[in-house]
Amino acid sequence: MKKLIISAALGLMIPLMSIGQSTLGPGATGSSLTVAGSPHNFSGQTWNSYNSTTMQGGQICQPCHTPHNAISPTITGNAAPLWNHTFTTATYSMYTGFEFGTLTTTGAYIGYGVTAPDGTSKLCLSCHDGSVALGAYGGQTGTLYMNDVAPGANLGTDLTNDHPISFPYDSVVAGGVHDKNFIYSQYAAGGSGTYVTYTSSGKTVGSKLDANGEVQCTSCHGPHSNSRGYQLSMDNRGSALCLSCHKK
Ligand code: HEC
Ligand code: HEC
Ligand code: HEC
Ligand code: HEC
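What counts, and at which threshold
- Note on numbering: residues in each chain are counted from 1, in written sequence order.
- Chain labels run from A onward and ligand labels from 1 onward, assigned in the order the entries are written.
- Totals for whole chains, interfaces and linings use all residues, but because this is a predicted model, local features are given only for residues with pLDDT of at least 70 and pairs of side-chain atoms are given and counted only at 80 or more.
- For side-chain calculations, the full set of non-hydrogen atoms in the structure is used, while hydrogens and water are omitted.
- Under the DSSP-based scheme used, a helix requires at least four consecutive residues in state H or I and a strand at least two consecutive residues in state E, with every element numbered from the N terminus.
- Throughout, exposure labels follow a simple rule: accessible area from a 1.4 Å probe, protein chains only, divided by the maximum for the residue type, with under 20% read as buried, over 50% as exposed, and the rest as partly exposed.
- What makes two residues a contact is simply this: any of their non-hydrogen atoms within 4.5 Å.
- Exposure was quantified through the Shrake-Rupley algorithm and a 1.4 Å probe, taking into account, for residues, occlusion by the shown protein chains and nothing else.
- The donor set comprises N, O and S atoms within 2.8 Å of the metal, extended to 3.2 Å for Na, K and Ca; water molecules are omitted, so apparent gaps in a site may simply reflect that omission.
- Square planar and octahedral assignments, for four and six donors respectively, both demand that opposite donors be over 155 degrees apart and that all other angles lie between 65 and 115; tetrahedral needs four donors with all angles between 85 and 135 degrees, and anything else is irregular.
- In this scheme Phe, Tyr and Trp rings, the latter by its six-membered ring, pair at centre separations within 6.5 Å, and the angle between planes marks the pair as stacked below 30 degrees, edge-to-face above 60, and tilted otherwise.
- Residues belong to a common nonpolar core when they are buried Ala, Val, Leu, Ile, Met, Phe, Trp, Tyr or Cys residues joined through side-chain atoms within 4.5 Å.
- The salt bridge criterion pairs a side-chain nitrogen of Lys or Arg with a carboxyl oxygen of Asp or Glu, the two atoms within 4 Å.
- Working definition: residue near molecule or strand if any one of its non-hydrogen atoms lies within 4 Å of it.
- Two N or O atoms form a polar contact when they lie within 3.5 Å of each other; inside protein one atom must be a possible hydrogen donor and the other a possible acceptor, and for residues adjacent in sequence the pair counts only when both atoms belong to side chains.
- The classification used treats Ala, Val, Leu, Ile, Met, Phe, Trp, Tyr, Cys and Pro as nonpolar, Asp, Glu, Lys and Arg as charged, and all other residues, Gly among them, as polar.

(A) Broad picture of the overall build of the chain. For the chain, the count of helices and strands is four helices and four strands. When the elements of the chain are put in sequence order from the N terminus, they spell out α-α-α-β-β-β-β-α. Counting the 248 residues in the chain, one finds 31% classified as buried. When contacts within the chain are restricted to residue pairs at least 6 apart in sequence, long-range pairs at least 24 apart make up 56% of them. Surface summary for the chain: the accessible area is close to 14,100 Å², and the carbon and sulfur share equals 61%.

(B) View of the coordination of the iron atom of ligand 4. Here the iron atom of ligand 4 is held by His163 (NE2) and His246 (NE2), and the distances to it run 2.0 Å. Geometry at the iron atom of ligand 4 is octahedral, judged from the six donor atoms that bind it and their angles of 89 to 179° at the metal. With His163 in the loop between helix 3 (146-149) and strand 1 (167-168) and His246 in the segment after helix 4 (240-243), the pair connects residues that are 83 residues apart, well separated along the chain. When its relative accessible area of 51% is taken as the criterion, His163 is described as exposed.

(C) Geometry of the packing of aromatic side chains. This model, assessed by the stated rule, comprises two aromatic pairs. The interplanar angle of 50° and the centroid separation of 4.8 Å between the aromatic rings of Phe42 and Trp47 together place this pair among those described as tilted. No difference in accessibility class separates Phe42 from Trp47, as the two residues are buried.

(D) Structural context of the nonpolar core. Core analysis: the biggest nonpolar cluster contains 13 residues, and Tyr169, Val205, Val215 and Met234 have the highest contact counts within it. Every residue in contact with Tyr169, bar those within four places of it in the chain, is listed here: Val177, His178, Lys180, Val205, Leu209, Gly213, Glu214, Val215 and Cys245.

(E) Main features of the pattern of salt bridges. The full count for this structure, using the stated rule, is one salt bridge. The partner of Arg237 in a salt bridge is Asp235, and the shortest N-O contact between them spans 2.6 Å.

(F) View of the coordination of the iron atom of ligand 1. The iron atom of ligand 1 binds to the protein through His65 (NE2) and His224 (NE2), with metal-donor distances spanning 2.0 to 2.1 Å. For the iron atom of ligand 1, the six donor atoms are set out with angles of 86 to 179° between them, so the coordination reads as octahedral. Residue His65 is found in the loop between helix 1 (2-19) and helix 2 (121-128), and its partner His224 is found in the loop between strand 4 (214-215) and helix 4; the two are separated by 159 residues along the sequence. Among the residues examined, His65 registers a relative accessible area of 25% and is labelled partly exposed. On the accessibility criterion, His224 (41% relative accessible area) is partly exposed.

(G) A look at the site of ligand 1. Residues in close proximity to ligand 1 include Val35, His40, Phe42, Ile60, Cys61, Cys64, His65, Pro81, Trp83, Thr218, Pro223 and His224, which together make up its full environment. Here a nitrogen atom of ligand 1 and a side-chain polar atom of His65 are 2.8 Å apart. In this structure, His224 approaches ligand 1 through a side-chain N or O atom, which is 2.9 Å from a nitrogen atom. Looking at the shell around ligand 1 residue by residue, the class counts come to eight nonpolar, four polar and no charged.

(H) Quick peek at the site of ligand 2. Around ligand 2 there are 19 residues in total, and His40, Cys124, Cys127, His128 and Tyr230 lie nearest to it. Contact distances for ligand 2 include 2.8 Å between a nitrogen atom and a side-chain N or O atom of His40. In this structure, an oxygen atom belonging to ligand 2 sits 3.4 Å away from a main-chain N or O atom of Tyr230. Element by element, the count of residues in the shell around ligand 2 is highest for helix 2, at four residues. Grouping the constituent residues of the shell around ligand 2 by class yields 13 nonpolar, six polar and no charged.

(I) Quick peek at the environment of Gly135. Mapping Gly135 onto the fold places it in the loop between helix 2 and helix 3. As for Gly135 and His85, which are separated by 50 residues in sequence, their C-alpha atoms are 8.2 Å apart. Not counting residues within four places of it along the chain, the set of residues in contact with Gly135 comprises Trp47, Gln140, Thr141, Gly142 and Leu144.

Encoded structure:
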């Protein structure tokens, strides 16, 4: 029986392994499911190298989390999870866009006039807006910034050219997005693995929103896993991620 299970597991692993470990390609592959296998594994980065005096560095979780004496930045929605990275104090320009920033027939701004990011997006922006050093965690200051390490991942403080975040999803349903209770579909490998089909994910749009029902960076990305490339929260082949919210 044990042998059967092992060979079944191996049978499953070989086709998975043959897909390869592309960081950008779609599909779940072994180590990319963990932080260790993602671009967020900074254990080997120069800005996170082991310091025998402070006993810091060389770790995976530490640039973002600490078990003790965490900082508690004030963010809306979900609280910061044992946060260890210096919190950004930057000011931002937010997306106003096409219809997003225009007045509705009832006279309310579709985008609710959002002027600043909030919620867990502020945790992401504490590295990705480029204003706080990457090594600024656990009381250290750090010298290297996002732009020095990965310029393409530096969003800056001008978010006018980025998908809107930190706005309540409900208020913008008029913009052509699904109801919060809509169960979206996603790509799944088909029979032989050579084709893909849409299947119901069993999750609703609501699961992509934060505790205040807002769209955040974490609606589309996870901090921990890179199984679908770009740390996306779901496979975006056929734009499945986009279509999970947008009625298009
Ligand atoms: C680059 C930053 C970063 C790294 C590295 C990181 N995390 Fe996180 N983690 C976050 C952020 C941001 C959140 C909150 C956002 C969310 O999950 O929606 C979070 C949330 C969590 C949570 C609560 C929510 C959940 O997903 O369960 C746990 C537990 C957690 N992290 C554990 C870890 C552990 C353990 C490691 C190391 C193996 C780690 N994290 C590495 C950024 C990071
Ligand atoms: C401690 C700093 C830090 C925090 C906090 C952080 N990131 Fe990152 N992130 C980085 C760095 C550095 C890179 C670039 C890694 C590389 O390319 O070497 C990166 C890369 C990425 C990438 C690109 C992955 C790829 O495949 O190229 C995405 C997407 C991303 N981060 C999203 C997020 C989101 C979403 C959050 C919040 C939930 C977050 N990050 C929080 C430092 C951080
Ligand atoms: C509406 C969905 C959505 C939201 C919200 C979102 N992203 Fe992304 N992001 C994506 C997609 C999709 C990609 C992959 C890029 C592509 O397909 O061209 C991406 C790519 C990235 C990259 C990699 C850029 C590169 O070229 O290396 C980073 C870094 C990133 N996002 C960070 C963030 C951060 C930080 C936030 C919040 C401030 C955020 N994202 C909000 C969908 C989103
Ligand atoms: C978590 C749900 C969600 C996801 C996922 C999502 N969006 Fe959005 N997006 C919204 C909402 C809500 C709005 C604001 C309402 C609107 O303008 O239609 C919006 C706004 C936009 C706008 C601006 C429209 C305007 O009027 O200015 C564009 C374009 C857009 N999204 C494209 C995308 C693309 C492309 C993707 C996939 C990479 C994506 N969205 C993923 C929820 C989402």
